[in-house]
There are 2 protein chains.
Amino acid sequence: VTRTLFEAEIREQPAALRRLLDEGRDAVERAADGLRAKPARFAVLAARGSSDNAARYGQYLFGIRNQLAVALATPSLYTQYEAAPHLEGALVVGISQSGQSPDIVAVVREGRRQGAFTVAITNEPASPLGQAAEHVIALRAGTERAVAATKTYTTQLLALAMLSAGLAGDAAAWAELQALPDALNDTLADNETTAAQASRFREHTGLVTVARGYNFSTAFEIALKVTETCAIPAVPYSSADLLHGPTAMIEPELPVLLVAPGPREFPDLDQVETLARERGAPIVAVSDRAHVLERADVALRLPPGTPEWLTPLTAIVPGQLFALGLSLARGKHPDAPRGLAKVTLTR
Amino acid sequence: VTRTLFEAEIREQPAALRRLLDEGRDAVERAADGLRAKPARFAVLAARGSSDNAARYGQYLFGIRNQLAVALATPSLYTQYEAAPHLEGALVVGISQSGQSPDIVAVVREGRRQGAFTVAITNEPASPLGQAAEHVIALRAGTERAVAATKTYTTQLLALAMLSAGLAGDAAAWAELQALPDALNDTLADNETTAAQASRFREHTGLVTVARGYNFSTAFEIALKVTETCAIPAVPYSSADLLHGPTAMIEPELPVLLVAPGPREFPDLDQVETLARERGAPIVAVSDRAHVLERADVALRLPPGTPEWLTPLTAIVPGQLFALGLSLARGKHPDAPRGLAKVTLTR
């Protein structure tokens, strides 16, 4: 029995990805054609909350696969300081579920005014954001009723991945994208006990999530889901940044969640895992690598075979289920976290 | 009696800023002249740890005052993925106390290979980073012996601010910079009891720091100092992002540290303060605004009159003293946090 909207929407994700792949490709290819005709010198991605974590995926995606340096926008420049930077020759992408937030709209509007190539990625194509951009990629995720984003996050990742594949004109990439709905179904099937396992951390007062590369976005998004639905501070870190500073916090009281899908291994991430084991911190591992899972206190399995650039779409799913289980175990209501509205209008 | 290197180096900051202003201007002006002759289309700043928080200041500084869109580099692109983005026409700045970290050196080296305008900001001009860049701005901070960065952080902020002033050819800005050493002296004098006041939070297991705009960097750096020296997770948030999501964590158990210097007021930041008061969360305020300080449980005073763009240099000082006091109250040794080496070589 599905008891929460949050869980229902987690389980809707394979179908939502399928719909976007089937119905959204034309809009993506139109945007990609336009951008191939007028290549961007760099990219600026504007977003807040979960959408900003999707943008963080875009930093690696466009950087690695399309050779585009990507800046995450600092929207206060456009609204609070009225001092927009030069955006000529840039690709400017606004990402927002609702398409409502004035600061995100302001970045895209300014980009278009300066002649940048503008794209909106939103679940509401008729929104102010959709109207501000030259090209609109509609997420087609259906209404998201839980306040914490799930299916709009994974469809945002997919929209970015489709745009990257379109830009590269990469037929192999499109074939890999087509396999995603099944991979998410497999991930859900492999994680039937994840929510129940999360309950062992119900007395803990914090969490640190760690990753590197593409899944830095996943570390951020899992931390945000846990903070929103469980009301405890969760801190995301790149394993490289963690080793440059705050390893002192690694103690038995603080669970460490490693996002470590293969096949690529990061020496920094292995070092963090070793350190956490030496210090007696509980380890939660999201991975498809046997030796990582075996050593973890809680093993959250990913199906093998997903190409690295698409693992953020599968790796977030166990994180969502972990947040669900921890939220319920802590007596919270994951559908409507206290103080969080579905649409937030920041300037 | 100064008992720790950490405190001694906090108190050395006014003199370190004075030295950089006096001895570093020529190198800055040379870099600025070169860049004015060949204006950059955008900027990429590469750094880790505290230096990355200085880079975050650079995002706002160059964005607002020099109209440059700024990307924080994702160094794994250059090292782990061997897929550097196009950097032609970019300003590429590497920021590192030691100048040793191979991933930061790799970004600058690649920028130079592609013909970008490269600058190193480092305390060790003969380091690999100093050798990789066309222009070097030496911090002249003297040896930093405490592991957690203080005087190298504020001199990095100053080096960026000097570069921005040089780029803009702005005489008024240079005059404002000259007032900084005195402003830091005043900040130290106004915060004699800050370390002692921090001890009231010795039983707390977390902290959230909040700011917006220029001082987003300060929220990150205070969170990092507290995490490093006190071994508790501290989470930095933009007030806009906090309102888009994780406000559920605001509870009596979690102190909220607001970085809110005036004169600019951010409605989002006021909303966070109101929410924290309603929820009964202890509030620590770093500010020069009377009404903000009066309502706070712990008021950390800034001297009035510092122009907004330079407040990150004063606002970090009470944060450093807060971390010092909390560290000692928790029985930690702030000079040598467990597991943290002064030089970290991530790839």
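Report on the accompanying structure. The model shown is predicted, which means the values in this text are computed figures rather than measured ones. (Residues numbered from 1 in each chain as written. Chains lettered and ligands numbered in written order. Predicted model: local features only at pLDDT ≥ 70, side-chain atom pairs only at ≥ 80, totals over all residues. Heavy atoms only, no water.)

**So, the sheet that holds strand 3 (residues 90-96) of chain A**
Remark on secondary structure: sheet strands pair via backbone hydrogen bonds, oriented parallel or antiparallel.
All names here are of chain A.
Here's step 1: The strand order across the open sheet formed by five strands is 2-1-3-4-5, and the pairing between neighbours is parallel. Each edge of the sheet is formed by a strand with only one pairing partner; in this case those strands are strand 2 (70-72) and strand 5 (135-138). Sheet twist, expressed as the average angle between the axes of neighbouring strands with direction ignored, equals 20°.
Here's step 2: Bridge analysis of strand 4 (residues 117-122) against strand 5 gives four bridges, and the strand direction is parallel. Bridge pairing links threonine 122 to alanine 138 in strand 5. (Pairing = 2+ DSSP bridges. Helix = DSSP H or I, 4+ residues; strand = E, 2+ residues; numbered from the N terminus. Axes fitted to C-alpha atoms, helices over the stretch in contact; angles between N-to-C directions.)

**A word on the side chain of A:Glu308**
Here's step 1: The residue A:Glu308 is located in the loop between strand 10 (298-301) and helix 15 (311-329) in this model.
Here's step 2: Side chain to side chain, A:Glu308 and B:Tyr81 meet in a polar contact 2.7 Å long.
Here's step 3: Other than its neighbours up to four places away in sequence, A:Glu308 contacts A:Tyr214, A:Arg264, A:Phe266 and B:Tyr81. (Polar contact = N/O pair within 3.5 Å; in protein donor to acceptor, adjacent residues only side chain to side chain. Contact = heavy atoms within 4.5 Å.)

**Some details on the nonpolar core**
Here's step 1: In this structure, A:Leu177 and B:Leu177 are the most contacted members of the largest nonpolar core, which totals 252 residues.
Here's step 2: Residues in contact with B:Leu177, not counting those within four places in the same chain, are B:Leu21, B:Leu158, B:Ala161, B:Met162, B:Ala165, B:Trp309 and B:Leu310. (Core = buried A, V, L, I, M, F, W, Y, C linked by side-chain atoms within 4.5 Å. Buried < 20%, exposed > 50% of the residue type's maximum accessible area, 1.4 Å probe, protein only.)

**Regarding the packing of aromatic side chains**
Here's step 1: As enumerated under the stated definition, the model contains eleven aromatic pairs over all chains in all.
Here's step 2: Centre to centre, the rings of A:Phe42 and B:Phe42 are 4.5 Å apart; their planes meet at 20°, and the pair counts as stacked. Here A:Phe42, found in strand 1 (residues 42-46), pairs with B:Phe42, found in strand 1 (residues 42-46), and the two come from separate chains.
Here's step 3: B:Phe42 gets classed as buried once you look at its relative accessible area, which sits at 2%.
Here's step 4: Centre to centre, the rings of A:Tyr81 and B:Tyr214 are 5.4 Å apart; their planes meet at 80°, and the pair counts as edge-to-face. Of this pair, A:Tyr81 sits in the loop between helix 4 (76-79) and strand 3 while B:Tyr214 sits in the loop between strand 6 (207-211) and helix 11 (216-230), which puts the two residues in different chains. Of the two residues, A:Tyr81 and B:Tyr214, both sit in the buried class.
Here's step 5: Lying over the aromatic face of A:Trp174, A:Arg25 brings its terminal NZ or CZ to 3.8 Å of the ring centre. (Phe/Tyr/Trp six-rings, centres within 6.5 Å; stacked < 30°, edge-to-face > 60°. Lys NZ or Arg CZ within 6 Å of the ring centre and 35° of its normal.)

**Quick notes on unusual backbone geometry**
Trans peptide bonds make up the majority, and among non-glycine residues the majority have a negative phi.
Here's step 1: Look at the link from A:Gly262 to A:Pro263: it is a cis peptide, with omega at -5°.
Here's step 2: Here A:Pro263 shows up in the loop between strand 8 (256-259) and helix 13 (267-279).
Here's step 3: If you check the backbone angles, A:Arg140 has positive phi at about 55° while not being a glycine.
Here's step 4: Inspection of the secondary structure assignment puts A:Arg140 in the loop between strand 5 and helix 7 (151-168).
Here's step 5: A positive phi is found at B:Ala231, a non-glycine position, where the angle reads about 60°.
Here's step 6: With respect to the helices and strands, B:Ala231 occurs in the loop between helix 11 and strand 7 (234-238).

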